[in-house]
Amino acid sequence: MDVNAAVAAAAAIAGVLTGVIAVLAFRFSERELKRPTRTSLHTDPVLPPGVDTVLSVLRSSAVVLDEADGVVKASSAAYALGLVRGGKLAVEPMLQMARDTRRDGEIRQVELDLPRRGTGRGEALAVSARVAPLGSRLVLLLVEDLTEARRIEAVRRDFVANVSHELKTPVGALSLLSEAVMDASDDPEAVQRFAGRMQIEATRLTSLVQELIDLSRVQNDDPLEDAEPVRVDELVAEAIDRCRHQAGTKQITMATGGTADLHVWGNRGQLAAALGNLVENAVNYSPARTRVGIAARSVTAPGGDLIEIAVTDQGIGISDKDKERIFERFYRVDPARSRATGGTGLGLAIVKHVVASHGGEITVWSAEGQGSTFTLRLPEAAAAREARDRARRQPGLDDENGHPPTDSSPYEPLPAPEVLP
């Protein structure tokens, strides 16, 4: 019995010692895990409190780098721009900036042109990169996309240069002509000739200034704030009256046709200016004794009925390479002819802005030597469409008032235009 008791006591003592050793080892292991090591600093960096939230609301692309240039945090915009690939910062100049900032703690900023991902056209992204230290171990990189701002600035710069050039021409001509008038004061015939030229240049200058004002207005104003149903017939008649003198001088026939009593929804003044510009261009670029036609009709579209207004001429036509640029400001298909006709190169730019701001579109079909067809497609006024539908349901009635259609146009009718490719 004494032997068994001794064995049991020894086993109990061994069990207690084993338990004590296990507890001590567990506590020692916990302290070791909590202690920062060189490995943990390198592989498991932690963002300072609040930084993750701030980065999530920034508009800039954000990337946080650790001591080994590994990406700790990157926004979705950074991936979209191609800054981060495979967990690494893929732009070498930015990576070098991060290393320099990590070394001396200085904030750095630079503007770079980066190749655009997914395009083979050689287009570049203009970005501004700013690098700053984030705590003692991390580096923060913020990247702002400047591509759109650069494009807008280039457009503004070109616009100012073009305006300066266009204004300089008539102003310079007026100055020279006034000197010529003074020198020819004893020659009434010369004075009359120079005075006529001065009137032409003054008219050209006035037109340019007015079109600049119109372009500024259609770009800055919201036409739908003062929108109303506008009769297409009235817009057509106003456009024809605007060009009546030029058309009569060149013996050009103005022809109207299509569906009567259509309405579009928008700003009457802007729509009249847009259609007037198209008709004026058609007259100016058409040879003598030809025809210019304006026709309107309603067409069904998935998003609702549209009013299609086509202006067709038998003029010089537009080449394929010029069709891509005719809606640019100050662009002229034939600069010499535009000078002769007094064109400023702003008319079609105004048309494009007006149509786009009204939720429509403009298309052009043209062939050199065969003429052109410009087609406006604008949303039809809902009230007018409902009234027309009601009238169609009443036998013998052609409009909401029960009156048959009348054609009071003094111009030769033109059939509705075929939709050209």
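Sequence order as written defines residue numbering, which begins from 1 separately in each chain. Residues qualify for local features only when their pLDDT is at least 70, as the model is predicted, and side-chain atom pairs are given and counted only at 80 or more; totals for whole chains, interfaces and linings, by contrast, use all residues. Side-chain calculation: all heavy atoms of the structure are included, whereas hydrogens and water are not.

Undergrad: Even after reading the chapter, I still don't get the overall build of the protein, so can you show me in this structure?
TA: Looking only at helices and strands, the protein has 14 helices and 15 strands in total. Relative to its 421 residues, the protein shows a buried fraction of 36%. In what follows, a contact means two residues having at least one pair of non-hydrogen atoms within 4.5 Å. Here the contacts in the protein between residues at least 6 apart in sequence split such that 64% fall between residues at least 24 apart. Computed with the Shrake-Rupley method and a 1.4 Å probe, the accessible areas treat only the protein chains shown as cover for residues. Carbon and sulfur atoms provide 55% of the accessible area of the protein, an area that totals close to 24,600 Å². Numbering goes from the N terminus for both helices and strands, where a helix is a DSSP run of H or I of at least four residues and a strand is a run of E of at least two. For the exposure calls, accessible area comes from a 1.4 Å probe over protein chains only, and a residue counts as buried if that area is under 20% of its type's maximum, exposed if over 50%, partly exposed in between.

Undergrad: Help me understand unusual backbone geometry, please; the structure alone is not making it clear to me.
TA: What you tend to see is this: most non-glycine residues have negative phi, and most peptide bonds are trans. Of note in the backbone geometry, Asp69 takes a positive phi value of approximately 65 degrees without being a glycine. Mapped onto the elements of the fold, Asp69 is located in the loop between strand E1 (61-65) and strand E2 (71-74). With relative accessibility at 12%, the residue Asp69 sits in the buried group. Of note in the backbone geometry, Asp261 takes a positive phi value of approximately 60 degrees without being a glycine.

Undergrad: I'm lost on the packing of aromatic side chains in this one. Help?
TA: Between two aromatic rings, the relevant description is the distance of the centres plus the angle of the planes. Each pair of aromatic rings taken from Phe, Tyr and Trp, with Trp reduced to its six-membered ring, is defined by centres within 6.5 Å and is described as stacked if the planes are under 30 degrees apart, edge-to-face if over 60, and tilted in the remaining cases. A complete count under the given rule lists one aromatic pair for this structure. With 6.4 Å between their ring centres and 85 degrees between their planes, Phe327 and Phe374 make a pair best called edge-to-face. Placement of Phe327 in the loop between helix H11 (320-323) and helix H12 (335-341) and of Phe374 in strand E14 (residues 371-379) is noted, with a sequence separation of 47 residues between them. By the burial criterion, Phe327 is buried, and Phe374 matches it. By the criterion adopted, a ring carries a charge over it if an Arg CZ or a Lys NZ lies within 6 Å of its centre and within 35 degrees of its normal. The aromatic ring of Phe194 is capped on one face by Arg193, whose charged end is 5.1 Å from the ring centroid.

Undergrad: It is not clear to me how helix H10 (residues 268-284) should be interpreted in this structure. Could you clarify?
TA: The periodicity of an α-helix, 3.6 residues per turn, causes residues three or four places apart in sequence to face the same way. Helix span, expected: 1.5 Å multiplied by one less than the number of residues in the helix. When the terminal C-alpha atoms of H10 are compared, their 24 Å separation across 17 residues agrees well with the 24 Å that a helix rising 1.5 Å per residue should span. Counting buried positions over the 17 residues of H10 gives 12, a clear majority of the element. Residues of H10 that are buried include every one of Gln270, Leu271, Ala272, Ala274, Leu275, Gly276, Asn277, Leu278, Val279, Ala282, Val283 and Asn284, and no others. Polar contacts, as counted here, are pairs of nitrogen or oxygen atoms within 3.5 Å of one another; within protein the pair requires one atom able to donate a hydrogen and one able to accept it, and residues that are adjacent in sequence qualify only if both atoms are side-chain atoms. Two to three positions downstream of the cap, the backbone nitrogen of Gly269 sits 3.1 Å from a side-chain oxygen, assigning the N-cap of H10 to Asn267.

Undergrad: Even after reading the chapter, I still don't get the sheet that holds strand E5 (residues 108-115), so can you show me in this structure?
TA: Pairing between sheet strands relies on hydrogen bonds along the backbone, with the strands arranged either parallel or antiparallel. With antiparallel pairing, five strands are arranged side by side in an open sheet as E2-E1-E7-E6-E5. Looking at which strands have only one partner, the edges of the open sheet turn out to be E2 and E5. In this sheet, neighbouring strand axes are inclined to one another by 25 degrees on average, regardless of whether the strands run parallel or antiparallel. Strand pairing is assigned whenever DSSP detects at least two bridges linking the two strands. As judged from the five bridges shared by E1 and strand E7 (residues 138-145), these two strands associate in the antiparallel manner. Along E7, the bridge assignment pairs Val64 with Leu140. Every axis corresponds to a line fitted to the C-alpha atoms, with the helix fit spanning only the stretch in contact, and the corresponding angles, defined between N-to-C directions, vary from 0 to 180 degrees.

Undergrad: What am I meant to see in the pairing of strand E13 (residues 361-367) here?
TA: Each regular strand shows side chains that alternate between the opposite faces of the sheet. Relative to E14, E13 is paired through seven bridges, and the arrangement is antiparallel. Counted as the bridge partner of Ile362 is Leu376 from E14. As consecutive antiparallel partners, E13 and E14 are separated by three residues, and within that stretch Gly369 has a phi angle of approximately 80 degrees, a positive value.

Undergrad: Could you clarify how one ought to interpret the pattern of salt bridges in this entry?
TA: Where charged atoms from two side chains of opposite charge come close, those side chains can pair. Here, a salt bridge means any Lys or Arg side-chain nitrogen found within 4 Å of an Asp or Glu carboxyl oxygen. Counting across every chain of the model gives 18 salt bridges. With a closest N to O distance of 2.9 Å, Glu308 and Arg377 form a salt bridge. Of this pair, Glu308 sits in strand E12 (residues 306-313) while Arg377 sits in strand E14, and the two are 69 residues apart along the sequence. Neither Glu308 nor Arg377 differs from the other in exposure class; each is buried. Between Glu361 and Arg377 there is a salt bridge, with the nearest N and O atoms lying 3.8 Å from each other. With Glu361 in strand E13 and Arg377 in strand E14, the pair connects residues that are 16 residues apart, well separated along the chain.

Undergrad: Quick question: what am I supposed to make of helix H8 (residues 232-242) here?
TA: Residues of H8 that are buried: Val232, Leu235, Val236, Ala239 and Ile240. One side of H8 carries all its buried residues, which in axial view fall inside an arc of 130 degrees. Directions drawn from the helix axis to the C-beta atoms are what define this arc.

Undergrad: It is not clear to me how the confidence of the model for the protein should be interpreted in this structure. Could you clarify?
TA: Note: predicted coordinates in regions of low pLDDT should not be interpreted at a detailed level. A residue's pLDDT is simply how confident the predictor is in it, with values from 0 to 100. Taken residue by residue, the protein gives an average pLDDT of 76. The fraction at 70 or more is 71%. Confidence over residues 36-44 falls short of pLDDT 50; this stretch has five contacts with residues more than four positions distant or in other chains.

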